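Close look at the chain arrangement
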Amino acid sequence: MENLLIIGSGCAGLTAAIYAARSNLSPMVVTGTMPGGLLTTTSTVENYPGFPEGIDGYELMLRMQKQAERFGARIKTLQTIEAVDFSRRPFVLTVDGEKIEAQSVIIASGASHRHLGLESERLLEKKGVTYCATCDGAFPAFRNQPLVVVGGGDSACEEALYLTRFASEIHLVHRRDSLRASKIMAGRTLSQPKIKPVWDSAVTEILDVKLDKVTGVRLKNLKTGNETVLACAGVFVAIGHVPNTQLFKGVIDMDDAGYIIPKKGTATNIPGVFVAGDCSDHAYRQAVTAAGLGCAAAIDAERFLASQGG
Ligand code: NAP
């Protein structure tokens, strides 16, 4: 019987694990398929307090995991939750076929990259279509070639800036005529000579499915309706995220977009189940806010267990 099972190992999950472990709850963390979460795919994190020179995203998450383990958290690496039964306590969670009982649960399952939803995108994924410049940017086929980045937020800017190391030029395709990104990121991006914005445009098709590799994108100007083809060797999609909450649909209260709605603090509609991080936060979505919410969820879980005599 577990005191506390934490679903997810991003900033929220691992911070919850640090706090819960230090409260002697000996939490179990189920990492899912991406240990360390989305931040492991970021290059330098420049806005996490305490690192004035910035810190590599993977390194930051590794340090958080070590910190949690140092105080007694147990990490189930690469294991995934297949089913949850929150109908009675102890809760029952199926983890890679194994049934685990837990007195309390923190959902910190994070969010995944949003897809454009094109058939050609699906067919060419990993064949030139990617969602992570730090993971795939150095791929030989992308070197000294024109690349396309889709999106207008901080992620798109970060991807485009990172790709300047490898690409001959980067076309930043955005559906509006200004970036949503923070001022500092937008300024850096638009002043980089290798990055060429393509405003008011949507990717309607990724070419060329018949050749089984990316050779370009078909673009539609949303103001004029004009269609053009832009040659490129790779497409980096950076258009935001969707919360990883499908498993809890119909059981845990969530909004239409799938973000879990906390009740009081980090409590959900099921007593003993708490939530933290990007799976419930569509407003801030920062590493430091996720960490803060993970801390709050661990404190709430600990108080809940104490109130139950646990
Ligand atoms: P975001 O801020 O939600 O931006 C998503 C972008 O994709 C928007 O420009 C949006 O267009 C566009 N978009 C959404 N759906 C689209 C679709 N179907 N087709 C074409 N374009 C689409 O997401 P994000 O950039 O991933 O950032 C998420 C959060 O993480 C933000 O809070 C951000 O500040 C943070 N973040 C911070 C850093 C950093 O500080 N270094 C780095 C990465 C992320 P519209 O503008 O028209 O809505």
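Refer to the structure printed above.
Everything quoted here is computed from the prediction, not taken from an experiment.

Calculation notes
Residues numbered from 1 in each chain as written. Predicted model: local features only at pLDDT ≥ 70, side-chain atom pairs only at ≥ 80, totals over all residues. Heavy atoms only, no water. Helix = DSSP H or I, 4+ residues; strand = E, 2+ residues; numbered from the N terminus. Buried < 20%, exposed > 50% of the residue type's maximum accessible area, 1.4 Å probe, protein only. Polar contact = N/O pair within 3.5 Å; in protein donor to acceptor, adjacent residues only side chain to side chain. Contact = heavy atoms within 4.5 Å. Pairing = 2+ DSSP bridges. Right-handed = clockwise from strand over helix to strand, strands pointing away. Near = heavy atom within 4 Å. Areas by Shrake-Rupley, 256 points an atom, 1.4 Å probe, with all protein chains shown as cover. Nonpolar A, V, L, I, M, F, W, Y, C, P; charged D, E, K, R; others polar. Domains from an automatic or database assignment. Phe/Tyr/Trp six-rings, centres within 6.5 Å; stacked < 30°, edge-to-face > 60°.

This next bit is on the side chain of Thr40. Looking at where Thr40 falls in the secondary structure, it is placed in the loop between strand S2 (28–30) and strand S3 (44–45). When its relative accessible area of 19% is taken as the criterion, Thr40 is described as buried. Within the local environment of Thr40, its side chain forms a polar contact with the backbone oxygen of Gly37, the two atoms lying 2.6 Å apart. Setting aside residues up to four positions removed in sequence, Thr40 forms contacts with Met34, Pro35, Gly57, Tyr58 and Met61.

Where strand S12 (residues 169–173) meets strand S13 (residues 195–198), four bridges bridge the pair, whose relative direction is parallel. Bridged to Val173 within S13 is Val198. The parallel pair S12 and S13 is bridged by helix H6 (residues 183–190), and the resulting crossover is right-handed.

Moving on, we come to the site of the ligand. As a matter of local geometry, the ligand sits amid 17 residues, with Asp154, Ser155, Arg175, Arg176 and Arg180 nearest to it. Side-chain polar atom of Arg180 to an oxygen atom of the ligand: 2.6 Å apart, as the coordinates give it. Protein chains shield 79% of the accessible area of the ligand, which is 920 Å² for the free molecule. It is helix H5 (residues 154–163) that provides the largest number of residues to the shell around the ligand, a total of three residues. Here the shell around the ligand is composed, by residue class, of three nonpolar, eight polar and six charged. Residue-level mapping places the shell around the ligand at the junction of two domains, with at least three residues from each of domain 1 (2–112 + 241–307) and domain 2 (115–237).

A separate point is the sheet that holds strand S11 (residues 146–150). If you walk across this open sheet you meet the five strands as S10-S17-S11-S12-S13, and the pairing is parallel. At either end of the open sheet lies a strand with only one pairing partner, and these are strand S10 (129–130) and S13. Judged from the two bridges that link them, S10 and strand S17 (residues 234–237) form a sheet pairing that is parallel. The partner of Val129 across the bridge, within S17, is Val235.

The description of an aromatic ring pair rests on the distance of the ring centres and on the angle between the ring planes. Throughout the structure, instances matching the rule amount to seven aromatic pairs. Residues Tyr48 and Phe51 carry aromatic rings whose centres are separated by 6.3 Å and whose planes lie at 45° to one another, so their mutual orientation is tilted. By relative accessible area, Tyr48 is classed as buried at 16%. Overall, Phe51 belongs to the partly exposed group, its relative accessible area being 22%. Here Phe142 and Phe236 contribute two aromatic rings whose centre-to-centre distance is 5.3 Å and whose plane-to-plane angle is 65°, an arrangement assigned as edge-to-face.

Moving on, we come to the environment of Phe91. Summarising the element assignment, Phe91 is placed in strand S7 (residues 91–95). Taking the C-alpha atoms as reference points, Phe91 and Ile7, 84 residues apart in sequence, are found 13 Å from one another.

Everything listed is a geometric property; what it means functionally is a separate question.
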